[in-house]
Amino acid sequence: PHRRVIHFSMRRLPRLAPFRGRRCRRGLCSVVTQQIQRFCEKPQRGITLAEMVSVGQATDMQKALTQNAQMLHKELPVRLARRINELQKMPYGLSEMAPVQKVRGWYVRSFNDLISMREPQTMEEEQAFTACLEKILKRHSSVVPTMAQGIMMLKEQMGDDAVRKCPFLQDFLDRFYLSRIGVRMLLSQHVALHEPAEGFIGILGESVCPGDEAEAAVAHATHVCEARYGCCPTVEIRGDVKERIPYVPGHLHHMLHELLKNAMRAVVETHAPHLRPNGYHHSAEDASDGLPPIDITIAAGQSDFHIRIADQGGGIPRSQIANIWNYMYTTAERPKEQDLEIKGGIRNAPMAGFGYGLPLSKLYARYFGGDIDIVSMDGYGTHAYLYLSRIGNTKEPLPN
């Protein structure tokens, strides 16, 4: 029976509906696990942002797209295989939890989709491969909230402190989400190159203005804060607000939005504790009177671009600073379970409560060679520093 399955090739495996029962999982082990292990042993190749840009600037675009598709055809299965291997070996019974099995099933189906296709050689094959990448992007769109459900189930079983102090879990989630950022960057970049837009190379903006992105993030975060509390502190933006850098606007917006949400919540809950979420006020302007403003300072350095978000939201106790980078750690009220099924991306996300905002934002910054630091004065406020590396030949940070 094994020889017949192997003879039929991996093209037939997606029909087997993996990970829906013990018998099915055992049946797949003899075939899929061998392929996964083989790809796990292959080295990953870090892609530089300069390489991504060069594809979109090629004179022979179809040739460049085909060559890029060939690279992705080799690279993506290796990255997916490593994450599948980790997902099926997690301790504390986490691998057997339904949300984690669902995520693992998505990864296996995507792995099978990729290795069942021949390496693109023609325009038609490259287009078919791109359609496969679009399908994978859509399939993996809910990975973050689904994994969060699995971790929340583990916390219910083991308790908050046990999960938060587990070094394995923190390291695993860092590797898993950093890999996801890289995979989605490669997928999205290749797909977007087929629909050129002015000022963009794929999803990479050639001349992104952090000042403009900060204004957009302020408007977005203000809307979320007012919907939650009925008021919001004002935000002042100063410094090198007109400077421009090449960057992915969506990533920058995500990081700024998360940092601003934290700052706004801290200010409101410190200086207007009588306000209740979703409470009634005559106007947002009236309710915001007396709230100290939040300051955003932008500085264009030679090697890095710096953005500081300073609030007077009471600060963070020194004993709690290390916890802010832990997944699922939050001082906010936990959102309803159905809120984990976020549709439409971060624009429909709640104000706070997941505990994923800061850890994921730090990974987004590090993917492009930057970082996020938090400096807090307990009893006064917090300064969040976002460092953006000027895009060059820095390779992706690839998790093992």
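The preceding data block contains the structure.
The sections below set out a description of the structure shown in this document. (Residues numbered from 1 in each chain as written. Predicted model: local features only at pLDDT ≥ 70, side-chain atom pairs only at ≥ 80, totals over all residues. Heavy atoms only, no water.)

### A look at the overall build of the chain
Per the secondary structure count, the chain includes 14 helices and 8 strands. By sequence separation, contacts in the chain at least 24 residues apart represent 78% of the contacts at least 6 residues apart. Counting only carbon and sulfur atoms, one obtains 50% of the accessible surface of the chain, whose full area is about 19,200 Å². (Helix = DSSP H or I, 4+ residues; strand = E, 2+ residues; numbered from the N terminus. Contact = heavy atoms within 4.5 Å. Areas by Shrake-Rupley, 256 points an atom, 1.4 Å probe, with all protein chains shown as cover.)

### Digging into the packing of helix α12 (residues 249-271) against helix α14 (residues 357-367)
As a packed pair, α12 and α14 sit with axes 9 Å apart at the nearest point and diverge in direction by 145°. In terms of crossing hand, the pair formed by α12 and α14 is left-handed. Between α12, through His-251, His-254, Met-255, Glu-258, Leu-259 and Asn-262, and α14, the contact on the second element is made entirely by Gly-357, Leu-358, Leu-360, Ser-361, Tyr-364 and Ala-365. Of the residues contributing to the contact of α12 with α14, the split by class is 6 nonpolar, 5 polar and 1 charged. (Axes fitted to C-alpha atoms, helices over the stretch in contact; angles between N-to-C directions. Left-handed = near helix turned anticlockwise from the far one by under 90°. Nonpolar A, V, L, I, M, F, W, Y, C, P; charged D, E, K, R; others polar.)

### Structural notes on a nonpolar patch on the surface
Taken together, the side chains of Tyr-92, Met-158 and Phe-168 present a nonpolar region at the surface, about 270 Å² in accessible area. Accessibility expressed as a relative area gives 47% for Tyr-92, which makes it partly exposed. (Patch = residues over 30% accessible without salt bridge, like charges linked within 9 Å, V, L, I, M, F, W, Y side chains within 5 Å. Salt bridge = Lys/Arg side-chain N within 4 Å of Asp/Glu carboxyl O. Buried < 20%, exposed > 50% of the residue type's maximum accessible area, 1.4 Å probe, protein only.)

### Here we look at the sheet that holds strand β4 (residues 245-247)
In a beta sheet, neighbouring strands are held together by backbone hydrogen bonds and run either parallel or antiparallel to one another. The strand order across the open sheet formed by 3 strands is β1-β2-β4, and the pairing between neighbours is antiparallel. A single partner strand is all that each edge strand has here, and the edge strands are β1 (200-201) and β4. Across 2 bridges, strand β2 (residues 204-208) lies against β4 in antiparallel orientation. Counterpart to Val-208 in the pairing with β4 is Ile-245. Along the sheet, α12 contacts β1, β2 and β4; its crossing angle with β4, the most-contacted strand, is approximately 90°. (Pairing = 2+ DSSP bridges.)

### As for the sheet that holds strand β8 (residues 381-389)
Pairing is mixed across the open sheet formed by 5 strands, whose spatial order is β3-β5-β6-β8-β7. Lying at the two open borders of the sheet, with one neighbouring strand each, are β3 (235-239) and β7 (371-377). In this sheet, neighbouring strand axes are inclined to one another by 15° on average, regardless of whether the strands run parallel or antiparallel. By the bridge criterion, 8 bridges tie strand β6 (residues 304-311) to β8 in an arrangement that is antiparallel. The residue of β8 that forms the bridge with Ile-307 is Leu-386. Here α14 sits on the sheet and contacts β7 and β8; the angle it forms with β7, its principal contact strand, is near 135°.

### Regarding the nonpolar core
Counting residues in each nonpolar core, the largest one holds 104 residues, and the members touching the most others are Met-147, Tyr-177, Tyr-356 and Leu-386. Residue contributions to this core peak at 12 residues, all from helix α10 (residues 167-192). Setting aside residues up to four positions removed in sequence, Tyr-177 forms contacts with Val-144, Met-147, Ala-148, Tyr-327, Tyr-356, Leu-360 and Leu-363. (Core = buried A, V, L, I, M, F, W, Y, C linked by side-chain atoms within 4.5 Å.)

### Details of the packing of aromatic side chains
The full count for this structure, using the stated rule, is 11 aromatic pairs. Here Tyr-177 and Tyr-327 contribute two aromatic rings whose centre-to-centre distance is 5.6 Å and whose plane-to-plane angle is 40°, an arrangement assigned as tilted. Taken together, the residues Tyr-177 in helix α10 and Tyr-327 in the loop between β6 and α14 connect sequence positions 150 residues apart. A residue is classified by how much of its surface remains accessible, and Tyr-177, at 1% relative accessible area, is buried. With a relative accessible area of 3%, Tyr-327 lands in the buried category. Aromatic pair Tyr-327 and Tyr-356: ring centres 5.3 Å apart, planes at 70°, arrangement edge-to-face. Of this pair, Tyr-327 sits in the loop between β6 and α14 while Tyr-356 is found in the loop between β6 and α14, placing the two residues 29 residues apart along the sequence. Across the pair, exposure class does not vary: Tyr-327 and Tyr-356 are buried alike. Put simply, the rings of Tyr-107, Phe-168, Phe-172, Phe-176, Tyr-177, Tyr-327 and Tyr-356 pair up and form one aromatic cluster. Above the plane of the ring of Trp-325 lies Lys-362, whose end atom (NZ or CZ) is 4.2 Å from the centre. (Phe/Tyr/Trp six-rings, centres within 6.5 Å; stacked < 30°, edge-to-face > 60°. Lys NZ or Arg CZ within 6 Å of the ring centre and 35° of its normal.)

### Let's talk about the environment of Arg-118
Structurally, the position occupied by Arg-118 is in the loop between α6 (98-115) and α7 (123-139). Under the relative-accessibility criterion, Arg-118 is labelled exposed at 53%. Through-space distance from the C-alpha of Arg-118 to that of His-73 is 8.3 Å; in sequence the pair is 45 residues apart. Setting aside anything within four residues of it in sequence, one finds Arg-118 in contact with His-73 and Glu-125. Within the local environment of Arg-118, its side chain forms a polar contact with the side chain of Glu-125, the two groups lying 3.2 Å apart. (Polar contact = N/O pair within 3.5 Å; in protein donor to acceptor, adjacent residues only side chain to side chain.)

### Observations concerning the environment of Arg-175
Take Arg-175: it is sitting in helix α10. Take Arg-175: its relative accessible area is 22%, and that puts it in the partly exposed class. A C-alpha to C-alpha distance of 9.8 Å links Arg-175 and Glu-86, two positions 89 residues apart in sequence. Discounting residues that sit within four places of it in the chain, Arg-175 has contacts with Arg-83, Glu-86, Pro-399 and Asn-400.

### Some thoughts on α12
For α12, built from 23 residues, the straight-helix expectation of 33 Å at 1.5 Å per residue is met to within 8% by its first-to-last C-alpha distance of 32 Å. Counting buried residues along α12, 17 of its 23 residues qualify, which places the element largely inside the surrounding structure. (Expected span 1.5 Å × (residues − 1).)

### Concerning α6
End to end, α6 covers 26 Å across 18 residues, agreeing with the expected 26 Å (1.5 Å per residue, within 8%). A large share of α6 lies buried, amounting to 15 of its 18 residues.

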